[in-house]
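Residues per chain, in single letters:
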Amino acid sequence: MSDQKKTYPLVVAAQQARKHAQARYSHFEVGAALETKDGKVYSGCNVESSSYGLTICAERVALTKAISEGENQFTRIAIVGPNNEFCPPCGACRQLLFDYAPDLEVITSNGSETQVHPLKDLLPFAFEETKLKRS
Ligand code: THU
């Protein structure tokens, strides 16, 4: 993990996306920005449902937007939450991101400092598609 003062444009994109968050139940607004290998950025925000379990996280919105546009190579994702606190991705998002981008770097910011974690460090002993192969 590295901890830096450096400003990442990807964090700024996540902060922008966070403005669109629909978090009327938790009031916990999250923004994410996912960068492709070609440098394109797909953003996402959390979208909550009155049927709480249908809520989708910002990271998964960003990922599914990108995949639905034909993208399949990703380098980094930035995530920002409320209260100037680091917002690490939830377990479900770690799994889905890992399925499509195991070498992803995860960037979080508390508004003044930035942490960078390899996704692999955030999901040790991960379940992955090789486990689905029949012997
Ligand atoms: N949330 C995210 O968008 N990303 C995460 O990684 C953690 C949680 C959202 C889901 C829900 O709308 C709210 O934050 C509170 O859990």
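Cut-off values and rules
Residues numbered from 1 in each chain as written. Predicted model: local features only at pLDDT ≥ 70, side-chain atom pairs only at ≥ 80, totals over all residues. Heavy atoms only, no water. Helix = DSSP H or I, 4+ residues; strand = E, 2+ residues; numbered from the N terminus. Buried < 20%, exposed > 50% of the residue type's maximum accessible area, 1.4 Å probe, protein only. Contact = heavy atoms within 4.5 Å. Salt bridge = Lys/Arg side-chain N within 4 Å of Asp/Glu carboxyl O. Phe/Tyr/Trp six-rings, centres within 6.5 Å; stacked < 30°, edge-to-face > 60°. Arc of directions from axis to C-beta. Near = heavy atom within 4 Å. Polar contact = N/O pair within 3.5 Å; in protein donor to acceptor, adjacent residues only side chain to side chain. Areas by Shrake-Rupley, 256 points an atom, 1.4 Å probe, with all protein chains shown as cover. Pairing = 2+ DSSP bridges. 1 Å grid on protein atoms, 1.4 Å probe; cavity = no way out; pocket = protein on both sides within 12 Å on 5 of 7 lines; lining within 4 Å. Points joined across faces, edges and corners; volume = space filled by probe spheres on them. Nonpolar A, V, L, I, M, F, W, Y, C, P; charged D, E, K, R; others polar.

Caption draft 1: Region of interest: the environment of Leu119. Tracing the sequence through the fold places Leu119 in helix 4 (residues 119–122). Judged by its relative accessible area of 0%, Leu119 falls in the buried class. Apart from the residues lying within four places of it in its own chain, the contact partners of Leu119 are Arg94, Leu97, Phe98, Ala101, Pro102, Leu104 and Val106.

Caption draft 2: Quick look at the pattern of salt bridges. One pass over the full model with this rule turns up five salt bridges. Residue Glu71 is joined to Lys40 by a salt bridge in which the shortest nitrogen-to-oxygen separation is 3.8 Å. Here Glu71, found in the loop between helix 2 (58–68) and strand 4 (74–80), pairs with Lys40, found in the loop between strand 2 (31–36) and strand 3 (41–45); they are 31 residues apart in sequence, far enough to count as distant. The residue Asp103 makes a salt bridge to Lys120 at a minimum N-O spacing of 2.7 Å. Placement of Asp103 in the loop between helix 3 (91–100) and strand 5 (105–109) and of Lys120 in helix 4 is noted, with a sequence separation of 17 residues between them.

Caption draft 3: How the structure looks around the packing of aromatic side chains. Under the definition given, this model contains one aromatic pair. An angle of 45° between the planes, with centres 5.6 Å apart, marks the rings of Tyr25 and Tyr52 as tilted. Taken together, the residues span a long stretch of sequence, with Tyr25 in the loop between helix 1 (9–18) and strand 2 and Tyr52 in the loop between strand 3 and helix 2 at a distance of 27 residues. Judged by relative accessible area, Tyr52 falls into the exposed class, the value being 60%.

Caption draft 4: Molecular detail of helix 1. Among the residues of helix 1, those classed as buried are Leu10, Val11, Ala14 and Ala17. Viewed along the axis of helix 1, the buried residues span an arc of 115°, placing them on a single side of the element. Elements that come into contact with the buried residues of helix 1 comprise strand 2, strand 3, strand 4 and strand 5.

Caption draft 5: Inspection of the site of the ligand at higher detail. In the neighbourhood of the ligand, the contacting residues comprise Ser26, Phe28, Val30, Asn46, Glu48, Thr55, Cys57, Ala58, Glu59, Pro88, Pro89 and Cys90. Contacts to the ligand include Asn46, whose side-chain N or O atom sits 2.9 Å from an oxygen atom. Between the ligand and Glu48, the relevant distance is 2.5 Å, taken from an oxygen atom to a side-chain nitrogen or oxygen of the residue. Relative to its free-state accessible area of 370 Å², the ligand is covered by the protein chains to the extent of 80%.

Caption draft 6: How the structure looks around the pairing of strand 5. Within strand 5, four of the five residues are buried, leaving the element largely enclosed by the surrounding structure. By the bridge criterion, four bridges tie strand 4 to strand 5 in an arrangement that is parallel. By the bridge assignment for strand 5, Ile79 is matched with Thr108. For strand 5 and strand 6 (residues 114–118), the ladder comprises five bridges, and the chain directions are antiparallel. When the sheet's bridge partners are listed, Glu105 is paired in strand 6 with Pro118. Two successive antiparallel strands, strand 5 and strand 6, enclose a turn made up of four residues, where Gly111 displays a positive phi of approximately 100°.

Caption draft 7: Highlighting the layout of surface pockets. One number sums up the size of the largest pocket: a volume of about 150 Å³. Together, Phe28, Val30, Asn46, Glu48, Thr55, Cys57, Ala58, Glu59, Cys87, Pro88, Pro89 and Cys90 line the largest pocket. When its residues are assigned to classes, the lining of the largest pocket shows eight nonpolar, two polar and two charged.

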